[in-house]
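Letter by letter, the chains look like this.
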Amino acid sequence: MQPLSGMLVVDFSRYLPGAFASRELLELGARVVCIEPPGGDPMRSTAPAWDAALRTGKESLEVDLKRDPAPALELMREADVVLESFRPGVASRLGIGPEHARKRTVYCSISGFGLGGRHEQRAGHDVNYLGWAGALADTAPSLPPVQAADLAAGALGAVTEVLAALVSRGRTGEGARIVVSMTHGSHKLLPRTPVLTGGFACYAIYACADDRWLTVGALEPKFFARICELVGRPELAHRQYDAEQAEVRAVLAAVFAEQPLAHWLALFDREDVCVGPVATPAEAAGEFASATLGRAPALGEHTASWRRELGELG
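Here we summarise the structure given alongside this text. No experiment lies behind these values; they were computed from the predicted model shown.

**Observations concerning a nonpolar patch on the surface**
A contiguous nonpolar surface patch, about 270 Å² in accessible area, is contributed by Ile205, Trp213 and Val278. Relative to the elements of secondary structure, tryptophan 213 occurs in strand E8 (residues 213-217). A relative accessible area of 41% places tryptophan 213 in the partly exposed class.

**Re the pattern of salt bridges**
Opposite charge on two side chains lets them pair, provided their charged atoms get close. Taken as a whole and judged by the stated rule, the model has 17 salt bridges. Between glutamate 271 and arginine 226 there is a salt bridge whose closest N-O contact spans 2.9 Å. With glutamate 271 in the loop between helix H11 (261-268) and strand E9 (275-277) and arginine 226 in helix H9 (residues 221-230), this pair connects stretches of sequence that are 45 residues apart. With relative accessibility at 27%, the residue glutamate 271 sits in the partly exposed group. Connected via shared salt-bridge partners are Glu36, Asp41, Arg44, Asp51 and Arg55.

**Things to note about the state of the cysteines**
Overall, the coordinates contain zero disulfides when judged by the stated rule. No disulfide involves cysteine 208; its sulfur sits 16 Å from that of cysteine 228, the nearest cysteine. Here cysteine 228 is not cross-linked by a disulfide; its sulfur's nearest cysteine counterpart is in cysteine 202, at 9.3 Å.

**Topic: the sheet that holds strand E3 (residues 59-62)**
The strands that make up a sheet pair up through hydrogen bonds in the backbone, lying either parallel or antiparallel. Read from one edge to the other, the open sheet built from six strands follows the order E3-E2-E1-E4-E5-E6, with strand pairing classed as parallel. Pairing within the sheet leaves two strands with one partner each, and these edge strands are E3 and strand E6 (176-181). Direction aside, neighbouring strands of the sheet carry axes that sit 20 degrees apart on average. For strand E1 (residues 8-11) and strand E2 (residues 31-36), the ladder comprises four bridges, and the chain directions are parallel. Opposite valine 9, over in E2, you have valine 32 as the bridge partner. Together, strand E4 (81-84), strand E5 (106-111) and E6 form the strand contacts of helix H7 (residues 148-172), whose direction differs from that of E6 by roughly 160 degrees.

**Here we look at H7**
Since the α-helix turns once every 3.6 residues, residues separated by three or four places project in the same direction. Taking 1.5 Å per residue, 25 residues should reach 36 Å; H7 reaches 33 Å between its end C-alpha atoms and fits that length. Maximal helix bending in H7 amounts to about 25 degrees, located at glycine 157. Among the residues trailing H7, glycine 173 stands out with phi positive, at a value near 80 degrees.

**Notes on helix H6 (residues 126-133)**
Asp126, Tyr129, Leu130 and Ala133 are the residues of H6 that are buried. Buried residues along H6 cover an arc of 95 degrees about the axis, so they all sit on one side. On its buried face, H6 sits against H7 and helix H8 (182-188). Phi turns positive, to about 85 degrees, at glycine 134, one or two residues after H6.

**A word on the nonpolar core**
Within the largest apolar cluster, 33 residues are counted, with the highest numbers of intra-cluster contacts made by Val9, Leu25, Val81, Leu83, Val106, Cys108 and Val162. Those elements giving two or more residues to this core turn out to be helix H1 (15-27), E2, E4, E5, H6, H7 and E6. Per-element tally for this core: the top contributor is H7, with eight residues. The contact partners of cysteine 108, leaving out residues within four places of it in the chain, are Val82, Leu83, Glu84, Ala158, Val162, Ile178 and Val180. In this structure, Ala201, Val231, Val248 and Trp264 belong to the second largest nonpolar core, which totals 24 residues.

**Description of the sheet that holds strand E7 (residues 203-207)**
If you trace the three strands from one edge of the open sheet to the other, you get E7-E8-E9, paired in antiparallel fashion. In the strand order of this sheet, the two ends are held by E7 and E9, each with one partner. Across this sheet, the average inter-strand angle for adjacent strands is 25 degrees, counted without regard to direction. Relative to E8, E7 runs antiparallel, the two being bridged by five bridges. Bridge assignment links isoleucine 205 to a residue of E8, and that residue is threonine 215. Strands E7 and E8 of the sheet are contacted by helix H10 (residues 246-256), whose axis makes an angle of about 40 degrees with E7. Strands in contact with H11 are E8 and E9; relative to E8, the strand with the most contacts, it is inclined by about 35 degrees.

Cut-offs and rules
- Residues numbered from 1 in each chain as written.
- Predicted model: local features only at pLDDT ≥ 70, side-chain atom pairs only at ≥ 80, totals over all residues.
- Heavy atoms only, no water.
- Patch = residues over 30% accessible without salt bridge, like charges linked within 9 Å, V, L, I, M, F, W, Y side chains within 5 Å.
- Areas by Shrake-Rupley, 256 points an atom, 1.4 Å probe, with all protein chains shown as cover.
- Salt bridge = Lys/Arg side-chain N within 4 Å of Asp/Glu carboxyl O.
- Helix = DSSP H or I, 4+ residues; strand = E, 2+ residues; numbered from the N terminus.
- Buried < 20%, exposed > 50% of the residue type's maximum accessible area, 1.4 Å probe, protein only.
- Disulfide = S-S within 2.5 Å.
- Pairing = 2+ DSSP bridges.
- Axes fitted to C-alpha atoms, helices over the stretch in contact; angles between N-to-C directions.
- Contact = heavy atoms within 4.5 Å.
- Expected span 1.5 Å × (residues − 1).
- Bend = angle between axes of the 7 residues up to and from the residue.
- Arc of directions from axis to C-beta.
- Core = buried A, V, L, I, M, F, W, Y, C linked by side-chain atoms within 4.5 Å.

Printed below as a string of structure tokens:
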């Protein structure tokens, strides 16, 4: 499906959240134009591989918003969706704020803390938002493996709001002004049940004989019972939710440590159980990577062509 085919997304954002959000909109069929500052988005140099993956299939305009925002403003007035990630008030001072967009445009601001409140102007990145949200309480000082504030609360939160606003626009003809708070969104992600974080043997990661890892997510009794049966320890099944889990975990850990990962994957492959590997990034990409959307544009590659197109529209 390409439900956003024919729609134009103008992305003023920097770093990860906006780039991920506009990539999701691109995959839904939208045409995405990134307005980059002189020298380019900082991610081009700090995380070039990540940047290229998220920029693939998009267009790039190099615009100095402080000196001459006019080209960006003209493009924004053609947009169905505008994304920006400046601190509150900055976009307006640059001449590309929500008040400069058409009424039918869906204008989405991805912010650290939303509008109002004592943190509105506070600087931050993913780890700060997660810390403020309480999401690191059980893992500090270890860093989480995925930028949940950026990707889930920020990017996917913005995509959800934008798509809902586009549906509403289809009924009313009116756009929307959206503000996404990555900290508030991260707080919504906090676990509310100890089963997933409390050390239960049925929901854990176990080491195998070859130093690879096996994931077990057998929350339902039928799944856990079948796992216990297949590994030769059926007596553990009735202890799935005992208050004391250390012994159950220790027994299963010893069993899984006896054989390499491939052995366990083969054993469980045709069984109706919740078991899988801790795949390497390369292994995961080979099976689950999205189809390519073309290539990543060079900085400012589409500046001249868009100036010509806007001149014709004008």
